[in-house]
Amino acid sequence: MIGSRERIKAIANDIVQHFELRLKSNAGTGKGMVVTLSRRIAAELYNEIILLKPEWHSDNLNDGVVKVVMTSSASDGPDIAKHHTTKKERQVLANRMKDDDKLKLVIVLCG
């Protein structure tokens, strides 16, 4: 996905609408993965999704419906760095995606 502000908002809206319909039609089951081109786009997409569905957010690694799965550096700034995951944390999230867990949607980086 290309990262203009308007595009990210439109994609977030489409993802939320599509995913909610899919969950309803599949009795609440199913998982999804969104692939982005950059850490900035991943963080901004997450923020837009949370604006639409604040109940999907949690700062707790073991809670929340949507998570960003990526590494970051101090130079990325706090908005991106808050989504940094260690190898151990990424494994926890991978296990949550495999299990019957509240985590239903992950945002990852391409490549």
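Heads up: these notes are all about the structure in this document. (Residues numbered from 1 in each chain as written. Predicted model: local features only at pLDDT ≥ 70, side-chain atom pairs only at ≥ 80, totals over all residues. Heavy atoms only, no water.)

On to the packing of helix 1 (residues 5–25) against helix 2 (residues 39–52), then. At their nearest, the axes of helix 1 and helix 2 sit 9 Å apart, and the two run at 55° to each other. Taken together, the axes of helix 1 and helix 2 are oblique relative to one another. Between helix 1 and helix 2 lies a crossing whose hand is right-handed. Mapping the contact onto sequence places R5, I8, K9, I11, A12, N13, I15 and V16 in helix 1 and R40, I41, E44, L45, E48, I49 and L52 in helix 2. Classifying every residue of the contact of helix 1 with helix 2 gives nine nonpolar, one polar and five charged. (Axes fitted to C-alpha atoms, helices over the stretch in contact; angles between N-to-C directions. Helix = DSSP H or I, 4+ residues; strand = E, 2+ residues; numbered from the N terminus. Parallel < 35°, antiparallel > 145°, perpendicular 65-115°, else oblique. Left-handed = near helix turned anticlockwise from the far one by under 90°. Contact = heavy atoms within 4.5 Å. Nonpolar A, V, L, I, M, F, W, Y, C, P; charged D, E, K, R; others polar.)

Our next topic: the environment of G3. Summarising the element assignment, G3 is placed in the segment before helix 1. In sequence terms G3 and R40 are 37 residues apart; their C-alpha atoms lie 8.2 Å from each other. Those residues in contact with G3 that lie beyond four places of it in its chain are I8, R40, I41 and E44.

Moving on to the sheet that holds strand 2 (residues 66–69). Ordered by their spatial adjacency, three strands build an open sheet running 1-3-2, and the pairing between neighbours is parallel. Each edge of the open sheet carries a strand with a single partner, namely strand 1 (32–36) and strand 2. Neighbouring strand axes in the sheet, compared pairwise and without regard to direction, differ in orientation by 20° on average. Against the sheet, helix 2 contacts strand 1, strand 2 and strand 3 (105–109), and its axis sits at roughly 160° relative to strand 3. (Pairing = 2+ DSSP bridges.)

Now for the pattern of salt bridges. On inspection of all chains with the given rule, the structure shows seven salt bridges. Between E55 and K53 there is a salt bridge, with the nearest N and O atoms lying 2.8 Å from each other. Overall, E55 belongs to the partly exposed group, its relative accessible area being 48%. The residue K102 makes a salt bridge to D63 at a minimum N-O spacing of 3.0 Å. Highlighted residues: K102 in the loop between helix 4 (87–98) and strand 3 and D63 in the loop between helix 2 and strand 2, separated in sequence by 39 residues. For K102, a relative accessible area of 44% corresponds to the partly exposed category. Here the salt bridges do not stand alone but share partners, grouping E20, K53 and E55 into one network. (Salt bridge = Lys/Arg side-chain N within 4 Å of Asp/Glu carboxyl O. Buried < 20%, exposed > 50% of the residue type's maximum accessible area, 1.4 Å probe, protein only.)

These figures come from the coordinates and say nothing about function on their own.
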